[in-house]
Amino acid sequence: MNPQAKLIFALSLTLGTTPTISSNHWIMAWTGLEINTLAILPLISKSHHPRAIEAATKYFLVQAAASALVLFSSMTNAWHTGQWDITQLSHPTSCLILTVALAMKLGLVPFHFWFPEVLQGSSLIVGLLLSTLMKFPPITLLYLTSPSLKPSILMTMAILSAALGGWMGLNQTQTRKILAFSSISHLGWMAIIIAYSPKLALLNFYLYTLMTAAVFLSLNSIKALKLSTLMTTWTKTPSLNAILLLTLLSLAGLPPLTGFLPKWLIIQELTKQEVALAATIIALLSLLGLFFYLRLAYCATITLPPHTTNHMKQWYNTKPTNTMVAVLTTMSLMLLPISPIILAVV
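Residues numbered from 1 in each chain as written. Predicted model: local features only at pLDDT ≥ 70, side-chain atom pairs only at ≥ 80, totals over all residues. Heavy atoms only, no water.

### Here we look at the overall build of the protein
The criterion, for reference: Helix and strand definitions here come from DSSP, where helices need a minimum of 4 consecutive H or I residues and strands a minimum of 2 consecutive E residues; each element is numbered from the N-terminal end. We take the radius of gyration over the C-alpha atoms and set the globule estimate at 2.2 Å times the residue count to the 0.38 power. Burial classification: accessible surface area is computed with a 1.4 Å probe over protein chains only, and a residue below 20% of its type maximum counts as buried, one above 50% as exposed, and the rest as partly exposed. Contact between two residues is taken to exist if any of their heavy atoms lie within 4.5 Å; hydrogens are not considered. Residues counted as positive are Lys and Arg, residues counted as negative are Asp and Glu, and His and the chain ends are not counted. Positions of charges follow a simple convention, taking NZ of Lys, CZ of Arg, CG of Asp or CD of Glu.
In terms of helices and strands, the protein carries 16 helices and zero strands. Taking 346 residues into account, the globule formula puts the C-alpha radius of gyration at 20 Å, and the protein, at 20 Å, falls close to it. Based on the C-alpha atoms only, the size of the protein along its principal axes is roughly 70 × 50 × 35 Å. Within the protein, the fraction of its 346 residues that count as buried is 54%. Counting only contacts in the protein whose residues sit at least 6 apart along the sequence, the fraction spanning at least 24 positions is 77%. On the protein, the mean spot of the 18 positive side-chain charges and the mean spot of the 6 negative ones are 17 Å from each other.

### Re the domain arrangement of the protein
Using the following cut-off: Domain start and stop positions are those given by an automatic or database domain assignment. Accessible-area loss on putting two parts together, using a 1.4 Å probe and summing over both, is the definition of buried area adopted here. For this analysis, a salt bridge means a side-chain nitrogen from Lys or Arg found within 4 Å of a carboxyl oxygen belonging to Asp or Glu. Any pair of nitrogen or oxygen atoms within 3.5 Å is treated as a polar contact; in protein, a donor-acceptor pairing is required on top of that, and neighbouring residues in sequence qualify only through side-chain atoms on both sides. In this classification, Asp, Glu, Lys and Arg are treated as charged, Ala, Val, Leu, Ile, Met, Phe, Trp, Tyr, Cys and Pro as nonpolar, and every other residue, Gly included, as polar.
Considered domain by domain, the protein is made up of domain 1 (1–123) and domain 2 (150–345). Taking the mean C-alpha position of each, domain 1 and domain 2 sit 24 Å from one another. Counting residues at the interface gives 17 residues for domain 1, matched by 19 residues for domain 2. On the domain 1 side of the interface with domain 2, the three residues burying the most area are Leu108, Val109 and Gln120, jointly 38% of the side's total. Where domain 1 packs against domain 2, one counts one salt bridge. Residue Glu117 pairs with Lys177 through a salt bridge whose shortest N-O separation is 3.3 Å. Put simply, domain 1 and domain 2 have five residue pairs in polar contact (both at pLDDT 80 or more) between them. Mapped by element, the contributors of at least two residues to the side of domain 1 that touches domain 2 are helix 4 (92–106) and helix 5 (114–120). Among the elements that line the side of domain 1 that touches domain 2, the one with the most residues is helix 5, at five residues. Split by residue class, the side of domain 1 that touches domain 2 holds ten nonpolar, six polar and one charged.

### Let's talk about the nonpolar core
To keep things clear, this is the line we draw: Take the buried residues of types Ala, Val, Leu, Ile, Met, Phe, Trp, Tyr and Cys, join any two whose side-chain atoms come within 4.5 Å, and each joined set is a nonpolar core.
Membership of the largest hydrophobic core comes to 107 residues, with the highest contact counts inside it found for Ile40, Ile44, Tyr59, Leu130, Ile192, Leu219 and Leu230. Looking at this core element by element, the count peaks at 15 residues for helix 10 (residues 198–221). Counting contributing residues, this core receives three or more from each of domain 1 (1–123) and domain 2 (150–345).

### Observations regarding the pattern of salt bridges
Applying the stated criterion across every chain, the model contains three salt bridges. Across the pair Glu54 and Lys58 runs a salt bridge whose closest N-O atoms are separated by 2.8 Å. With Glu54 and Lys58 both in helix 3 (residues 50–81), this residue pair falls four residues apart, about one helical turn. Through salt bridges with shared partners, one network takes in Arg51, Glu117 and Lys177.

### Focus on the environment of Met168
In this fold, Met168 is placed in helix 8 (residues 151–168). In sequence terms Met168 and Phe181 are 13 residues apart; their C-alpha atoms lie 6.9 Å from each other. If we skip the residues at most four places from it in the chain, Met168 touches His112 and Phe181.

### Some points on the UniProt feature "signal peptide" (unreviewed entry) in the protein
What counts here: UniProt positions are given in the numbering used here, feature names are shortened, and annotations may be inferred rather than shown by experiment.
Look at the UniProt record and you will see "signal peptide" (unreviewed entry) annotated at residues 1–23. The distance separating the terminal C-alpha atoms of residues 1–23 is 32 Å; by composition the span is 87% helix and 0% strand.

### With respect to the environment of Leu207
The residue Leu207 is located in helix 10 in this model. In this structure, the C-alpha to C-alpha distance between Leu207 and Leu270, residues 63 residues apart in sequence, is 19 Å. Excluding anything up to four places from it in sequence, Leu207 contacts Thr258, Leu261, Pro262 and Leu335.

### Describing the side chain of Ser250
Here Ser250 is to be found in helix 12 (residues 238–252). In this structure Ser250 comes out as buried when scored by relative accessible area, which is 0%. Here Ser332 takes part through its backbone oxygen, which lies 2.6 Å from a polar atom of the side chain of Ser250.

### Here's the deal with the packing of helix 2 (residues 26–44) against helix 6 (residues 124–131)
Any two packed helices are characterised by the angle at which their axes cross and by the distance between the axes. What counts, and what does not: The axes are straight lines fitted to the C-alpha atoms, using for helices just the contacting stretch, and the angles between their N-to-C directions are given from 0 to 180°. Roughly parallel here means an angle under 35 degrees, roughly antiparallel means over 145, roughly perpendicular means 65 to 115, and every remaining angle is called oblique. Each crossing is labelled by how the near helix is turned from the far one, with a counterclockwise turn of less than a right angle marking it left-handed and a clockwise turn marking it right-handed.
In the contact formed by helix 2 and helix 6, the axes pass within 10 Å of each other and the chain directions differ by 160°. If you check the angle between helix 2 and helix 6, you find them roughly antiparallel. In the packing of helix 2 onto helix 6, the handedness of the crossing is left-handed. Within the contact between the two elements, helix 2 uses Ile40, Leu43 and Ile44 and helix 6 uses Val126, Leu129 and Leu130. Residues of the contact of helix 2 with helix 6, tallied by class, amount to six nonpolar, no polar and no charged.

### What to know about the packing of aromatic side chains
Put simply, the rule reads: Two aromatic rings from Phe, Tyr or Trp, using only the six-membered ring of Trp, form a pair when their centres are within 6.5 Å; if the ring planes differ by under 30 degrees the pair is stacked, by over 60 it is edge-to-face, and anything between is tilted. Lysine and arginine charges are scored as sitting over a ring when NZ or CZ, respectively, is within 6 Å of the ring centre and within 35 degrees of the ring normal.
All told, the structure shown has eight aromatic pairs when counted by the stated rule. Taken together, a centroid distance of 5.4 Å and an interplanar angle of 75° make the contact between Trp114 and Phe115 edge-to-face. Of the two residues examined, Trp114 and Phe115, each falls in the buried class. Members of the aromatic cluster, connected to one another through ring pairs, are Phe136, Phe205, Tyr206 and Tyr208. A cation over a ring is seen here: Lys135 above Phe115, with NZ or CZ 4.0 Å from the ring centre. Positioned above the aromatic ring of Trp189 is the side chain of Lys263, whose terminal nitrogen or guanidinium carbon lies 5.0 Å from the ring centre.

Structural data, given as structure tokens:
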């Protein structure tokens, strides 16, 4: 793909996200979602591999169905109330349809089946866009409409997402699929708190984006698509592998790393709202995710491949690590001590 085409698609992604997150009118928000979907499709399918074409087709069908449901929800609400304002969603049927539509766009359980397959068919950089930037407009819509949505539905979807995201990631050997199930699990944490504290859900999304970007860019630097490849990369970039271990533990939510902050605040807020049972369940389910993060970390830094003759050795890489990777990994590890400042800003 030539640079001009890449520039056009990158600008379209930015221009598609902007109207959705800044508009008060449903039609403008829907237009932004459509521009976003159309801009990412060529990037998914640019390799012309059958898996990439399949991923692009699945992504298009799911996102088109979800966008149609968003439009249908807003039209139903306008029909009954005369309001096109995003924050004035009050009709019960519209609220239910919108919850389903945004769950499809985000990949929340039970509408998650497309996400691991699409991520597996994409490159690591496109996978990073799908896991972070493409989830920003739906999360914003969820943030704006959260007072109208039913907390019980969101809580059920959240607990199921945390359970299935952790459970289905246990037996995976492809790094992109592991990160896809990690994303589903993290979305569960955002969905469970958005009805009680929308700002906390957005903080969780920002920190998740930061840590996921660090992991995706680190894996892209060492070209690791499978666990077996990850085992041999310690000879290529030992320092990056060591930092990847800590970044994965941060994504798992272990103290004293950055990833502990959103989990700690969410459990605290849920306890204040007298839903301690849900807080306990989702905290226990995060242990499933911790297992496959530890598995990734173990493969990357602690173990050696059992049959070295079957793996191509990689020479030590003297090229310096990307500055963006260095900045993101540092932030993924070091933000917990300045959490009072972060909370004051948010």
